[in-house]
Amino acid sequence: MQAQYVPTPENIQARQQFDGFRFGIFLHWGIYSEFAQGEWYLNTGKLNKDEYAKAASCFYPILFDANQWIKAIKASGAKYITFTSRHHDSFSMYKTNESRYNIVDATPFKRDVLKELAAACQKEGIQFHLYYSILDWIREDYPIGRTGHDTGRTPRPNYDTYFQFMKNQVKELLTNYPNVAALWFDGYWDHNKDVPAFDWRLPEFYRYIHALKPECLIGNNHHTDPIEGEDFQMFERDLPGENKAGLSPQGISELPLEMCQTMNGMWGYKVADQDYKSVEELVTLIINAAAKGCNLLLNIGPQPNGELPALAINRLQGIGKWMNTYGETIYGTHRGIDDAPWGVTTKKGSTTFIHVLNKEYREIEYPLAKRPKLVKDFLSGNVLKYKYDKKKKTVIIPLDGIAGVPDRVVTMIE
Ligand code: H79
């Protein structure tokens with residue numbers, strides 16, 4: 001029996017810091033971006049791996065500027081990014097010694113974009129997280145699961161060598177890029193229907209990572225309850241406790257929470273998908289996530305020319321404008337009421353931020369054991385004349401004259 005995972009004090013501290021961030025940007029960028037059909041195109045397009053690899057031979061994102069990306073992201077109020085170091089297509093977006101199929105050795109671009117992004121994040125004070133796929137659609141030693149059947153490889157399943165490959169790559173990531181603060185794993189579900197059950201050896205993998213870097217936060221998009229050794233819990237396309245997209249049947253743990261969602265419908269760049277959520281929708285998502293004590297990891301699929309899509313930049317700017325004013329009601333807050341008919345709340349010490357998302361309400365009734373010390377309009381700072389109903393133990397707060405889109409915010413001090 002292995003001893004139970006006990007996070008180090010540095011790890012606990014890193015969790016707390018991460019939990020205060022509330023907003024990060026996910027970046028899905030790879031040679032798949034060139035096809036402009038999303039990051040699953042090798043699989044969904046039933047492409048042959050050698051034909052697909054030609055995208056590497058002409059990968060030259062001439063307009064890529066890591067500093068520009070990170071500046072735009074920082075201005076949105078995001079506190080961290082999560083970048084795809086290697087997606088299911090097996091292509092490493094950094095200089096690895098474990099495979100020639102990487103951005104430095106296999107493209108004319110020859111630049112280690114991961115290194116450039118890491119440096120830009122360091123410079124701007126943005127925390128740097130990495131996405132890493134444990135599933136692989138090209139390697140022969142990867143034991144093929146539910147996906148990646150048509151890439152033309154000769155299956156030579158050997159999880160021992162594949163596992164060692166992953167360990168070596170993760171070691172490179174943690175040692176060559178010292179500001180990597182978290183690893184975000186994906187692809188577990190490729191083997192979630194195996195009989196007998198497939199053993200990814202995750203506890204061993206996680207022990208290896210934490211031995212290399214105890215404070216490195218580990219999360220895994222396995223859509224199940226957290227597994228021994230994980231430091232945060234994630235939800236895909238749904239808020240914790242919701243399962244509208246069908247990917248989140250898991251319970252909610254005590255670990256820091258993160259939900260990921262895309263600005264449009266796809267993760268990797270998809271030219272036909274210009275259906276971006278509005279700034280109001282995205283801000284509302286940040287607010288609803290915060291009310292559940294959850295970070296939003298909001299995805300952008302950068303273009304093959306190296307730029308962020310104009311619509312994504314527009315959304316970053318819009319979110320940034322709101323965060324500039326209302327950030328105090330989001331960052332470092334704790335979960336509050338998450339499902340009142342008028343909206344939600346976030347909490348910080350004895351202060352409650354009441355986010356009135358429903359435009360119809362002219363006053364709200366808020367349950368509270370005793371009369372609050374002060375109630376004010378967050379935006380103007382004007383003190384509000386509330387009533388306290390002793391019998392019902394509710395505060396009745398008038399909302400007349402309070403402005404705000406998409407929410408009107410009231411500060412209540414108990
Ligand atoms: O990186 C992005 C996506 O490429 C990856 N995760 C995000 C962050 C992702 N891939 N698929 N999904 C997310 C959705 C999962 C679909 C699944 Fe299934 C449904 C997995 C298991 C059932 C169908 C059957 C696809 C794979 C097996």
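See the structure printed just above.
Undergrad: If you had to explain the sheet that holds strand S16 (residues 408-413) to someone new, which residues and values would you point to?
TA: The sheet built from 5 strands is open, its strands ordered S9-S10-S11-S16-S13 with antiparallel pairing. The open sheet has two edge strands with one neighbour each: strand S9 (334-335) and strand S13 (374-377). Inspection of the sheet shows strand S10 (residues 343-348) paired to strand S11 (residues 351-356) by 6 bridges, in the antiparallel sense. Of the residues in S11, the one forming a bridge with Gly343 is Val356. Sitting on the sheet, helix H9 (residues 279-291) is in contact with S9, S10 and S11, with an inclination near 60 degrees to S10.

Undergrad: An account of the site of the ligand is requested, with residue identities and associated values reported.
TA: Lining the immediate environment of the ligand, one finds 15 residues, of which His28, Glu39, His87, Asp186 and Glu236 sit closest. Here an oxygen atom of the ligand sits 2.9 Å away from a polar atom, N or O, in the side chain of Trp40. At 2.8 Å, a side-chain N or O of His87 approaches an oxygen atom of the ligand.

Undergrad: Explain the side chain of Asn102 residue by residue, including any values.
TA: Structurally, Asn102 is set in the loop between strand S2 (80-86) and helix H6 (113-124). The class of Asn102 is buried, set by a relative accessible area of 0%. There is a polar contact of 3.4 Å between the side chain of Asn102 and the backbone oxygen of Thr96. Polar contacts involving the side chain of Asn102 include one to the main-chain amide nitrogen of Val104, which spans 2.8 Å. With near-sequence residues (within four places) excluded, Asn102 lies in contact with Phe91, Ser92, Tyr94, Lys95, Thr96 and Thr107.

Undergrad: Give me helix H1 (residues 9-21): which residues, what numbers.
TA: Across its 13 residues, H1 extends 19 Å between first and last C-alpha, which sits within 8% of the 18 Å expected from 1.5 Å per residue. Where H1 is concerned, the buried positions are Asn11, Ala14, Arg15, Phe18, Gly20 and Phe21.

Undergrad: Describe in detail the packing of helix H5 (residues 66-75) against H6, supporting the description with residues and values.
TA: Between H5 and H6, the shortest axis-to-axis distance is 9 Å and the interhelical angle comes to 45 degrees. As far as their axial angle goes, H6 and H5 are oblique. When you trace H5 past H6, the crossing you get is right-handed. Here H5 contributes Ala66, Asn67, Trp69, Ile70, Lys71 and Lys74 to the contact with H6, which in turn contributes Glu116, Leu117, Ala120, Cys121, Lys123 and Glu124. For the contact of H5 with H6, the class distribution of residues is 6 nonpolar, 1 polar and 5 charged.

Reading the values: the criteria
Residues numbered from 1 in each chain as written. Predicted model: local features only at pLDDT ≥ 70, side-chain atom pairs only at ≥ 80, totals over all residues. Heavy atoms only, no water. Pairing = 2+ DSSP bridges. Helix = DSSP H or I, 4+ residues; strand = E, 2+ residues; numbered from the N terminus. Contact = heavy atoms within 4.5 Å. Axes fitted to C-alpha atoms, helices over the stretch in contact; angles between N-to-C directions. Near = heavy atom within 4 Å. Polar contact = N/O pair within 3.5 Å; in protein donor to acceptor, adjacent residues only side chain to side chain. Buried < 20%, exposed > 50% of the residue type's maximum accessible area, 1.4 Å probe, protein only. Expected span 1.5 Å × (residues − 1). Parallel < 35°, antiparallel > 145°, perpendicular 65-115°, else oblique. Left-handed = near helix turned anticlockwise from the far one by under 90°. Nonpolar A, V, L, I, M, F, W, Y, C, P; charged D, E, K, R; others polar.

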